[in-house]
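Remarks on the overall topology
Now for the letters of each chain:
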Amino acid sequence: MKTYNAFKEAIVDTVLGTMIMVPLNYIVIAFCLNLNFNALQITFWSSSILFSFAVVRKAIVRMYFQKKLDSKK
């Protein structure tokens, strides 16, 4: 059952991450291009913003699944 729960959490997190990151990535890149950033600047800003969102998203998903698991005990 632990394996099933781990895969379920991984799938939910990955799908949610994709749904958030695709439009966010477009917005960040469009914003950077609008400011005439070069490739290195776009890479830095895009990576920094996407990393920050990913950490917050992962923490929220993990807390949700942990709370759900704890309520079953």
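Description of the structure in this document.

Rules and cut-offs
- Residue positions are given per chain, counted from 1 along the sequence in the order it is written.
- With the structure being a predicted model, the display of local features is reserved for residues of pLDDT at least 70 and the display and counting of side-chain atom pairs for 80 or more, all residues being used for whole-chain, interface and lining totals.
- Hydrogens and water molecules were not included; the side-chain quantities draw on all heavy atoms of the structure.
- Strands here mean DSSP runs of E at least two residues long; helices mean DSSP runs of H or I at least four residues long; both are numbered from the N terminus.
- Exposed residues in this analysis have more than 50% of their type's maximum accessible area, buried residues have under 20%, and partly exposed residues fall in between, with area computed by a 1.4 Å probe over protein chains only.
- Throughout, a contact is declared for two residues whenever any of their heavy atoms are within 4.5 Å.
- Accessible areas in this description were obtained via Shrake-Rupley with a 1.4 Å probe; residue shielding takes into account the shown protein chains only.
- Salt bridges are defined by distance alone: a side-chain nitrogen of Lys or Arg within 4 Å of a carboxyl oxygen of Asp or Glu.
- Within this scheme a cavity is a closed region of a 1 Å grid, computed over the protein atoms alone, that accommodates a 1.4 Å probe without allowing it to escape, whereas a pocket is open but has protein on both sides within 12 Å along at least five of seven lines; lining residues each have an atom within 4 Å of a point.
- Grid points are joined across faces, edges and corners, and a volume is the space filled by probe spheres set on the points.
- Residue classes follow a fixed rule: Ala, Val, Leu, Ile, Met, Phe, Trp, Tyr, Cys and Pro count as nonpolar, while Asp, Glu, Lys and Arg count as charged, and any other residue, Gly among them, counts as polar.
- Candidates for patches are residues over 30% relative accessible area with no salt bridge; among them, like charges are joined within 9 Å and nonpolar side chains (Val, Leu, Ile, Met, Phe, Trp, Tyr) within 5 Å.

1. Quick word on the overall build of the chain
- Secondary structure assignment for the chain yields two helices and zero strands.
- Dimensions along the principal axes, computed over C-alpha positions, put the chain at roughly 55 × 15 × 15 Å.
- The 73 residues of the chain split such that 18% are buried.
- Considering only contacts within the chain whose residues lie at least 6 apart along the sequence, 72% involve residues at least 24 apart.
- When the accessible area of the chain is evaluated, it comes to approximately 5900 Å², of which 73% is carbon and sulfur surface.

2. Describing the pattern of salt bridges
- In total, this model carries four salt bridges according to the counting rule given.
- In this structure, the salt-bridge partner of glutamate 9 is lysine 58, at a minimum N-O distance of 3.6 Å. Of the two residues, glutamate 9 sits in helix α1 (residues 2–34) while lysine 58 sits in helix α2 (residues 39–72), which places them 49 residues apart along the sequence.
- Lysine 58 serves as the salt-bridge partner of aspartate 13, at 3.7 Å between the closest nitrogen and oxygen. Here lysine 58 lies in helix α2 and aspartate 13 lies in helix α1, a separation of 45 residues in the sequence.
- On the basis of relative accessible area, aspartate 13 is assigned to the buried category, the value being 8%.
- It is possible to trace a salt-bridge network through shared partners that takes in Glu9, Asp13, Arg57, Lys58 and Arg62.

3. Quick word on the layout of surface pockets
- One number sums up the size of the largest pocket: a volume of about 280 Å³.
- Forming the boundary of the largest pocket are 12 residues, of which Asn5, Ala6, Glu9, Phe65 and Leu69 lie nearest the centre.
- Listing elements by their share of the lining of the largest pocket, those giving two or more residues are α1 and α2.
- In terms of residue class, the lining of the largest pocket is made up of five nonpolar, one polar and six charged.

4. Looking at a nonpolar patch on the surface
- Together, Phe7, Ile11, Val15 and Met19 line one region of the surface with nonpolar side chains, adding up to about 450 Å² of accessible area.
- Mapped onto the secondary structure, valine 15 falls in helix α1.

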